[in-house]
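# Tertiary structure, described
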Amino acid sequence: MTIIDAIYRELRFGLCGTGGALENLVAEDHIKQDMRNTIDSGKAPATYPWIIFRRITESENNQIRYSRERFEIEIIGLRSSPTKGDGLIEQIKDAIKDHFAGKLKTFGKFTSEGMADPDGGLKLKSFYSDTTEGYDVTLTEKAKIMVFFFSYIRRPVALV
């Protein structure tokens, strides 16, 4: 499993799924990699919030096969909404930070369909870096962009 798969499954099925800290706050289908495919032109509050994640950098120390990747996790809400705005975005940010920051554990222990998979996932070390805020005047959206580092030791490749 890749780091991208593990983070996607952890966000969608772990945090936003049944029993997760974001259950009933963020719809499972509002977790996207890289970008949203479509944006509701009417900005209906029911279509928010969104969590978009993307890999920023990837590096590896080949002597020990230590892989470290930096990710942005962006939380998008409505800028002027009392229910889908700043308060909700802050609550989601805190839940994501509590779930990932400083943890060494196996993330993404779900199948691609969202079923629990105790033998799946990827053991990662997570480090929270910082959060910045963003606005989109034309879309009337507000975002918090969190930066995390995820790392793991890759299995050695057998030489033939």
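Now for a quick tour of the structure.

## Regarding helix α1 (residues 3-15)
Burial runs high along α1: 10 of the 13 residues are buried. Within α1 the residues assigned to the buried category are Ile3, Ile4, Ala6, Ile7, Arg9, Glu10, Leu11, Phe13, Gly14 and Leu15.

## Some points on the pairing of strand β5 (residues 122-136)
As paired elements, strand β4 (residues 104-107) and β5 share 4 bridges and run antiparallel to each other. Bridge pairing in β5 links Leu104 to Lys125. As paired strands, β5 and strand β6 (residues 141-153) are joined by 11 bridges and run antiparallel to one another. From the neighbouring strand, Tyr135 faces β6, where its bridge partner is Lys142. In textbook terms, the turn of a hairpin is the stretch between consecutive antiparallel strands, and for β5 and β6 this stretch comprises 4 residues, one of which, Thr140, has a positive phi near 50°.

## Thoughts on the environment of Ile96
With respect to the secondary-structure elements, Ile96 resides in helix α2 (residues 86-100). Overall, Ile96 belongs to the buried group, its relative accessible area being 0%. Through-space distance from the C-alpha of Ile96 to that of Ile39 is 23 Å; in sequence the pair is 57 residues apart. Those residues within four positions of Ile96 in sequence are excluded, and the remaining contacts are Leu15, Leu22, Ile51, Ile73, Ile75, Ala101, Met146 and Phe148.

## As for the nonpolar core
Residues Leu22, Ile51, Ile96 and Phe100 are the most contacted members of the largest nonpolar core, which totals 29 residues. Secondary-structure elements contributing two or more residues to this core are α1, β2 (50-61), β3 (66-78), α2, β5 and β6. Tyr48, Ile52, Ile76 and Leu78 belong to the second-largest nonpolar core, a separate cluster that totals 6 residues.

## So, the environment of Leu25
The residue Leu25 is located in the loop between α1 and β1 (31-33) in this model. Sequence separation between Leu25 and Ile89 is 64 residues; the distance between their C-alpha atoms is 9.9 Å.

## What about the pattern of salt bridges?
This structure, assessed with the given rule, holds 11 salt bridges. A salt bridge links Glu69 to Arg55, with the nearest nitrogen and oxygen atoms 3.1 Å apart. With Glu69 in strand β3 and Arg55 in strand β2, this residue pair connects regions lying 14 residues apart in the sequence. For Lys93, the salt bridge is made with Glu90, and the minimal N-O distance between the two is 3.1 Å.

Conventions we followed
- Residues numbered from 1 in each chain as written.
- Predicted model: local features only at pLDDT ≥ 70, side-chain atom pairs only at ≥ 80, totals over all residues.
- Heavy atoms only, no water.
- Buried < 20%, exposed > 50% of the residue type's maximum accessible area, 1.4 Å probe, protein only.
- Helix = DSSP H or I, 4+ residues; strand = E, 2+ residues; numbered from the N terminus.
- Pairing = 2+ DSSP bridges.
- Contact = heavy atoms within 4.5 Å.
- Core = buried A, V, L, I, M, F, W, Y, C linked by side-chain atoms within 4.5 Å.
- Salt bridge = Lys/Arg side-chain N within 4 Å of Asp/Glu carboxyl O.

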